[in-house]
Amino acid sequence: MAQHIYATTSGRCGCSSSARPATPLLFFPAPTLPLLSPSSLRRRTRRRSPMGATGHLVGLAAAVRQRNGGRLCAAAAVLGEPLPALDDPDLLVHPSADFAAQALVSSTEQYREMYQRSIDDPAGFWSDIAEEFYWKQKWNPDEVCAENLDVTKGPIKIEWFKGGKTNICYNAVDRNVESGNGDKIAMYWEGNEPSDDGKLTYSELLDKVCQLANYLKSVGVGKGDAVVIYLPMLMELPIAMLACARIGAVHSVVFAGFSADALAQRIVDCKPKVVITCNAVKRGLKLIALKDIVDASLVESAKNGVNVDICLTYENQSALNKVGTQWKTGRDVWWQDVVPNFPAKCDVEWVDAEDPLFLLYTSGSTGKPKGVLHTTGGYMVYSATTFKHAFDYKPTDIYWCTADCGWITGHSYVTYGPLLNGATVLVFEGAPNYPDPGRCWDIVDKYGVTIFYTAPTLIRSLMRDGTEYVARYSRKSLRVLGSVGEPINPTAWRWFYDVIGDSRCPISDTWWQTETGGFMITPLPGAWPQKPGSATFPFFGVQPVIVDEKGREMEGECSGYLCIKKSWPGAFRTLYGDKDRYETTYFKPFAGYYFSGDGCSRDKDGYHWLTGRVDDVINVSGHRIGTAEVESALVSHPKCAEAAVVGIDHEVKGQGIYAFVTLVDGVAYSDDLRKSLIMTVRSQIGAFAAPDKIHWAPGLPKTRSGKIMRRILRKIASRQLDELGDTSTLAEPGVVEQLIALTDS
């Protein structure tokens with residue numbers, strides 16, 4: 001891993017110490033919005049905004065300007081007021097004067113100035129922010145960044161702060177201790193049972209990180225070596241991440257819901273020296289034997305030529321004791337038996353800004369997961385800065401993100417982003433509906449949570465339980481809410497705002513990806529009005545564009561493919577061991593741009609609305625699952641001849657998995673077989689990838705060349721039978737009627 005080679009044959013991006021010539025912005029904020037009181041807002045009117053090539057944000061002011069004729073604006077509210085009952089897509093929710101006055105970015109004018117500089121002078125903008133962190137050696141100020149995003153001009157290349165030497169663990173932990181915050185709570189921990197809890201100060205966190213780092217060094221882990229972490233949300237999970245970063249090792253956290261086969265795939269790909277796990281975890285009343293899953297994965301990886309010599313296992317006594325744990329002498333080591341014996345001081349390994357920090361595997365449109373590789377310096381600066389501004393962070397905040405560290409959200413916004421800002425973070429191991437659906441709000445009141453960041457899936461799930469469990473708790477400490485993982489529908493947004501936040505908390509509805517490392521399009525709570533369901537406007541340094549199928553940028557109100565032009569510090573650098581796939585997936589579809597794989601609409605006021613995946617990836621509860629991955633698992637079943645998977649709208653999960661399955665000749669349809677197919681997917685990938693619907697398919701709609709027409713399958717799955725389109729070009733058009741006839745079977 002330490003010798004990973006990056007392409008070097010490309011030109012600079014123009015990020016030198018001197019500002020580049022000013023460029024016209026596609027997203028140019030309007031003049032400062034007046035901070036409105038409820039009464040003054042009702043006296044104001046709005047007019048439609050003329051959209052020009054450089055005016056995609058002018059609607060910010062247009063939404064509140066007075067219009068000739070004196071018509072009142074009904075579709076508006078101020079933070080602190082309930083939303084109007086009318087479900088108007090043009091509804092604007094303005095920050096109150098009080099909230100904006102204390103916000104880090106308090107007006108559209110301030111945002112405009114900061115954003116303009118971040119585009120015109122990215123080197124100066126990001127260098128000024130990077131200076132706030134500790135660097136053992138500074139980067140070359142004349143080469144802050146170098147990039148090539150155009151495959152027609154050579155290999156793709158993104159570099160930021162190269163030559164600078166730093167360490168993200170030092171900046172996230174040591175620096176807080178040295179600044180006098182050693183006694184500040186770094187982490188609260190809430191276990192599966194409400195009575196299980198714990199906490200660590202920054203000084204205590206540093207001691208535990210150093211002890212684990214010293215143990216890893218003692219067993220031969222060094223700079224560039226991979227360590228796989230398969231843990232639930234114990235405090236030991238972020239501790240393990242930080243310990244790896246401290247010694248320059250590359251951590252690869254695998255969500256502890258993945259199956260043994262999925263874990264083995266990742267082990268085989270990155271070849272870790274150590275696997276870190278725990279014996280078991282409880283989710284509600286269910287016991288999950290994680291160590292058994294790891295054991296099976298290590299057997300499977302050994303069959304593929306990758307042997308792991310050490311499995312460091314934490315005894316999670318709240319779930320299972322040592323006696324009940326399967327054990328392999330000589331390979332397995334109890335964490336509690338060895339780690340506490342090591343010194344609580346460990347030297348920092350200073351690494352280059354472009355040295356690898358972590359690998360995180362994400363699903364793609366082929367069966368093999370993609371090893372997204374993030375490096376150190378740019379990711380550090382970007383994750384910290386996005387956290388600070390998107391949540392309007394204050395040193396007194398208690399911050400809770402419900403995500404697991406097995407996903408990018410847990411990396412950037414449970415571990416690194418918050419700790420780099422010296423925040424107090426809540427780590428939650430349990431289930432949000434255990435012992436009852438009021439658990440989240442019990443936790444909010446217990447710890448005085450001020451910032452609550454979660455997924456639309458959880459919001460919709462809690463909506464179904466009504467307001468009874470919410471009303472039992474005050475939630476008065478809440479100040480800012482956040483949404484992550486998938487587009488949040490306006491109905492859920494309104495419920496989150498009115499019910500959970502009592503109409504007084506702005507919602508940071510963030511759009512970003514594993515590959516981006518941090519927020520790309522997000523509200524800044526004090527800067528501009530929000531629209532329920534819209535991610536609003538780009539973060540500093542981000543230049544989103546919407547293109548058509550030919551890659552032509554579209555202006556004004558439009559819908560198309562969301563791309564990014566120009567690099568940003570948090571961007572991933574490659575797919576581990578597969579540079580060709582990296583370039584083919586993200587940069588070849590539209591030369592000169594990073595292609596997100598998402599669709600996006602921009603409304604007449606310049607607001608961005610994410611419409612979901614446009615490739616063969618399904619976003620289930622914020623988890624990206626490749627259709628090919630699920631299809632591969634289904635066809636591994638001895639009675640399945642062929643399978644095709646599509647995504648459908650799901651009331652709770654955002655998207656659900658709908659599988660069309662063709663059985664082996666002579667095999668009859670049955671509920672038992674349906675359950676068996678679902679269990680096959682659960683065992684090979686994980687419970688979160690289990691199909692919501694198995695649709696029996698005598699055949700699949702294919703072209704004469706054999707390509708499956710997924711467009712038709714999506715229409716059948718969504719019951720949009722009047723939108724099937726022309727089926728005459730299919731090799732067997734009659735198969736469509738057969739599928740429709742079996743819809744409810």
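Note that the coordinates shown come from a computational prediction; the quantities given were computed from them, not determined experimentally.

Undergrad: Where do I start with the overall build of the protein in this structure?
TA: Each helix and strand in the protein was counted, giving 22 helices and 33 strands. Across the 745 residues that make up the protein, the buried fraction comes to 63%. For the protein, the accessible surface area stands at approximately 26600 Å², while carbon and sulfur atoms represent 50% of it.

Undergrad: Would you take a moment to explain the pattern of salt bridges for this structure?
TA: Any two side chains of opposite charge can pair if their charged atoms end up close together. Inspection of every chain in the model, using the stated rule, returns 38 salt bridges. Salt-bridge contacts for arginine 719 lead to aspartate 744; the nearest nitrogen and oxygen are separated by 3.7 Å. A residue pair is termed long-range when its members are at least 10 positions apart, and arginine 719 in the loop between α21 (710-717) and α22 (734-741) and aspartate 744 in the segment after α22 qualify at 25 residues.

Undergrad: What is the right way to look at the sheet that holds strand β23 (residues 507-509) in this model?
TA: Spatial strand order, β8-β7-β20-β19-β21-β22-β23: 7 strands in an open sheet with mixed pairing. Each edge of the open sheet carries a strand with a single partner, namely β8 (197-201) and β23. For this sheet, the mean angle separating the axes of adjacent strands, direction not counted, is 20 degrees. Inspection of the sheet shows strand β21 (residues 451-454) paired to strand β22 (residues 480-483) by 4 bridges, in the parallel sense.

Undergrad: Looking at this model, I keep getting lost on the packing of helix α7 (residues 202-218) against helix α8 (residues 236-246). Mind explaining?
TA: Axis separation between α7 and α8 bottoms out at 8 Å; the angle between their running directions is 60 degrees. Overall, the two elements α7 and α8 adopt an arrangement that is oblique. As for how α7 packs across α8, the hand of that crossing is right-handed. The residues of α8 that touch α7, namely those facing Leu205, Leu206, Lys208, Val209, Cys210, Leu212, Ala213 and Leu216, are Ile239, Ala240, Leu242, Ala243, Cys244 and Arg246.

Undergrad: What am I meant to see in the environment of proline 272 here?
TA: Checked against the element boundaries, proline 272 lands in the loop between α9 (260-270) and β11 (274-278). Assessed through its relative accessible area of 4%, proline 272 is described here as buried. Along the primary structure proline 272 and asparagine 307 are separated by 35 residues, whereas in three dimensions their C-alpha atoms are 8.7 Å apart. The residues contacting proline 272, other than those within four sequence positions of it, are Ala226, Val227, Val228, Ile267 and Val308.

Undergrad: Quick question: what am I supposed to make of the packing of aromatic side chains here?
TA: The description of two aromatic rings rests on the distance between their centres and on the angle between their planes. Applying the stated criterion across every chain yields a total of 58 aromatic pairs. Taken together, a centroid distance of 5.5 Å and an interplanar angle of 15 degrees make the contact between tryptophan 493 and tyrosine 497 stacked. Highlighted residues: tryptophan 493 and tyrosine 497, both in helix α17 (residues 490-500), separated by 4 residues, approximately one helical turn. Note on tyrosine 497: relative accessible area 0%, which makes it buried. Among the aromatic residues, those joined into a cluster by ring pairs are Tyr111, Tyr115, Phe125, Trp126, Tyr382, Trp528, Phe537, Phe539, Phe540 and Tyr607. One Lys or Arg, arginine 266, reaches over the ring of phenylalanine 258 and ends 4.2 Å from the middle of that ring. Lysine 531 extends its terminal NZ or CZ atom over the ring of tyrosine 607, reaching a point 4.8 Å from the ring centre.

Undergrad: Would you explain the nonpolar core in this entry?
TA: The nonpolar side chains of a soluble globular protein tend to be buried, and buried together. With 207 residues, the main nonpolar core has Phe161, Leu205, Leu212, Leu216 and Leu634 as its most contacted residues. The biggest single contributor to this core is α7, with 9 residues. Among all residues touching leucine 216, those that are not within four sequence positions of it are Val221, Ala243, Cys244, Ile247, Val274 and Ile276. Counting 18 residues, the second-largest nonpolar core is a separate cluster that includes Ala697, Ala717, Leu724 and Leu739.

Undergrad: So what exactly am I meant to see when it comes to helix α18 (residues 579-586) here?
TA: Residues spaced three or four apart along an α-helix point in a common direction, a consequence of the helix completing one turn every 3.6 residues. Of the positions making up α18, those classed as buried are Arg581, Tyr582, Glu583 and Tyr586. Among the structural elements, β5 (157-160), β18 (370-375), β26 (574-575) and β27 (594-602) are those in contact with the buried residues of α18.

Undergrad: What am I meant to see in unusual backbone geometry here?
TA: Trans peptide bonds make up the majority, and among non-glycine residues the majority have a negative phi. Here tyrosine 434 and proline 435 are connected by a cis peptide whose omega angle stands at 0 degrees. Positive phi is not limited to glycine here, since lysine 566 has a value of about 75 degrees. Considering the arrangement of structural elements, one finds lysine 566 in the loop between β25 (558-564) and β26.

Undergrad: What is the right way to read the environment of leucine 92 from this model?
TA: Inspection of the secondary structure puts leucine 92 in strand β3 (residues 92-94). Spatially, the C-alpha atom of leucine 92 lies 6.4 Å from that of alanine 75, the residues being 17 residues apart in sequence.

Undergrad: Got a minute to help me understand the confidence of the model for the protein in this structure?
TA: Atomic detail in the predicted coordinates should be set aside for any region of low pLDDT. Predicted confidence across the protein gives a mean pLDDT of 88, with 88% of residues reaching 70 or more. Every residue in residues 1-11 is under pLDDT 50, and counting partners more than four places away or in other chains gives 32 contacts.

Undergrad: What is the right way to read the sheet that holds β27 from this model?
TA: Paired through backbone hydrogen bonds, the strands of a sheet run either parallel or antiparallel to each other. Pairing is antiparallel in the open sheet, where 4 strands are placed in the order β24-β25-β27-β28. Looking at strand neighbours, the two that pair on one side only are β24 (544-547) and β28 (608-613), the edges of this open sheet. Within this sheet the neighbouring strands show an average axis-to-axis angle of 45 degrees, counted without direction. Of the strand pairs in this sheet, β24 and β25 are connected by 4 bridges, and their pairing is antiparallel. Looking at β25, one finds that valine 547 is bridged to tyrosine 561.

Cut-offs and rules
Residues numbered from 1 in each chain as written. Predicted model: local features only at pLDDT ≥ 70, side-chain atom pairs only at ≥ 80, totals over all residues. Heavy atoms only, no water. Helix = DSSP H or I, 4+ residues; strand = E, 2+ residues; numbered from the N terminus. Buried < 20%, exposed > 50% of the residue type's maximum accessible area, 1.4 Å probe, protein only. Areas by Shrake-Rupley, 256 points an atom, 1.4 Å probe, with all protein chains shown as cover. Salt bridge = Lys/Arg side-chain N within 4 Å of Asp/Glu carboxyl O. Pairing = 2+ DSSP bridges. Axes fitted to C-alpha atoms, helices over the stretch in contact; angles between N-to-C directions. Parallel < 35°, antiparallel > 145°, perpendicular 65-115°, else oblique. Left-handed = near helix turned anticlockwise from the far one by under 90°. Contact = heavy atoms within 4.5 Å. Phe/Tyr/Trp six-rings, centres within 6.5 Å; stacked < 30°, edge-to-face > 60°. Lys NZ or Arg CZ within 6 Å of the ring centre and 35° of its normal. Core = buried A, V, L, I, M, F, W, Y, C linked by side-chain atoms within 4.5 Å. pLDDT = per-residue confidence, 0-100.

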